[in-house]
Amino acid sequence: MEAKQWTVQIYLTEDGDATHARAVLRTQDTSTVTGRGSARRNPIDRPVPEIGEELAASRALEDLAIRLHDVAADDIVQLTGPVRA
């Protein structure tokens, strides 16, 4: 069995009290799926950028998982079942 490797890259940007993340999955066959997430610091909280990055990244990964599941569901509908003549 051939081992496959998929790569997820997470890109983080900050804009004031907001942190935005983009999680990009690239497969060996050059398919790409992207998830997005963001976090906003409450103005009364201490500025700890790592927390915003963690939250935004986790939300982007969650969105990515949902989108990847949708891709798989679409593939099931299109590519499985009895062969049509």
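Per chain, the residues get numbers from 1 upward, laid out in the order the sequence is written. In keeping with the model being predicted, local features are shown solely for residues with a pLDDT of at least 70 and side-chain atom pairs are shown and tallied solely at 80 or more, while totals for entire chains, interfaces and linings include all residues. Think of the side-chain values as coming from all heavy atoms in the structure, minus any hydrogens and water.

You'll find the protein chain entered in an unreviewed UniProt entry as DUF1876 domain-containing protein, with Streptomyces indiaensis given as the organism.

**Focus on the overall build of the protein chain**
Filter applied, for reference: Each helix corresponds to a stretch of at least 4 residues labelled H or I by DSSP, and each strand to a stretch of at least 2 residues labelled E; elements are numbered beginning at the N terminus. Here the radius of gyration uses the C-alpha set of atoms, whereas the globule reference equals 2.2 Å times the residue count to the power 0.38.
When helices and strands are tallied, the protein chain shows one helix and three strands. When the helices and strands of the protein chain are read in sequence order from the N terminus, they spell out β-β-β-α. Relative to a compact globule of 85 residues, whose C-alpha radius of gyration would be 12 Å, the protein chain shows 17 Å and is clearly more extended. Structurally, the protein chain occupies a C-alpha span of about 65 × 25 × 20 Å along its principal axes.

**Some words on the nonpolar core**
Inclusion rule: By convention a nonpolar core is built from buried Ala, Val, Leu, Ile, Met, Phe, Trp, Tyr and Cys residues, the set being connected through side-chain atoms within 4.5 Å. The buried label applies to any residue whose accessible area, calculated with a 1.4 Å probe on protein chains only, is under 20% of its type's maximum; exposed applies above 50%, and partly exposed to all values in between. The contact criterion used is simple: two residues touch if any of their non-hydrogen atoms lie within 4.5 Å.
Ala 21, Ala 23, Leu 25, Val 33, Ala 39, Ala 56, Ala 60 and Leu 64 together form the largest nonpolar core, which totals eight residues. Within the residue set of this core, elements represented by two or more residues are strand 2 (18–26), strand 3 (32–40) and helix 1 (49–79). Excluding residues within four positions of it along the chain, Val 33 makes contact with Ala 23, Val 24, Leu 25, Leu 64, Arg 67, Leu 68 and Val 71.

**Concerning the layout of surface pockets**
Quick note on the threshold: Only protein atoms enter the 1 Å grid, on which a cavity is a set of points fitting a 1.4 Å probe that cannot get out and a pocket is an open set with protein on both sides within 12 Å along at least 5 of 7 lines, lining residues being those with an atom within 4 Å of a point. Grid points are joined across faces, edges and corners, and a volume is the space filled by probe spheres set on the points. Here the term charged refers only to Asp, Glu, Lys and Arg, the term nonpolar to Ala, Val, Leu, Ile, Met, Phe, Trp, Tyr, Cys and Pro, and the term polar to all other amino acids, Gly among them.
As a volume, the largest pocket reaches approximately 270 Å³. Residues belonging to the lining of the largest pocket are distributed by class as follows: seven nonpolar, four polar and six charged. Of the voids in this model, the second largest pocket is the one considered here, and its volume is about 200 Å³. In terms of lining residues, the second largest pocket is bounded by 13 residues, among which Trp 6, Thr 27, Asp 29, Ser 31 and Leu 68 are the most central. Split by residue class, the lining of the second largest pocket holds six nonpolar, four polar and three charged.

**So, the packing of aromatic side chains**
Condition: Paired rings are identified among Phe, Tyr and Trp, the last through its six-membered ring, by centres lying within 6.5 Å, and are further divided according to the angle between planes into stacked (under 30 degrees), edge-to-face (over 60) and tilted (the rest). The rule is short: NZ of Lys or CZ of Arg within 6 Å of the ring centre and within 35 degrees of the ring normal puts a charge over the ring.
Following the criterion strictly, the structure yields zero aromatic pairs and no others. The residue whose ring lies beneath Arg 22 is Tyr 11, and the NZ or CZ to ring-centre distance is 4.5 Å.

**Section: the side chain of Thr 19**
For Thr 19, the position within the fold is in strand 2. Take Thr 19: its relative accessible area is 6%, and that puts it in the buried class. The contact partners of Thr 19, leaving out residues within four places of it in the chain, are Thr 13, Glu 14, Gly 37, Ser 38, Ala 39, Gly 52, Glu 53 and Ala 56.

**Quick notes on the sheet that holds strand 2**
Applicable threshold: In short, DSSP must find at least two bridges between two strands for them to pair. Here an axis means a line fitted to C-alpha atoms, over the contact stretch when the element is a helix, while the angle between two N-to-C directions is reported on a 0 to 180 degree scale.
Reading across the sheet, the three strands line up as 1-2-3 and stay open at both edges, with antiparallel pairing between neighbours. Each edge of the sheet is formed by a strand with only one pairing partner; in this case those strands are strand 1 (7–15) and strand 3. Sheet twist, expressed as the average angle between the axes of neighbouring strands with direction ignored, equals 15 degrees. Here helix 1 sits on the sheet and contacts strand 1, strand 2 and strand 3; the angle it forms with strand 3, its principal contact strand, is near 145 degrees.

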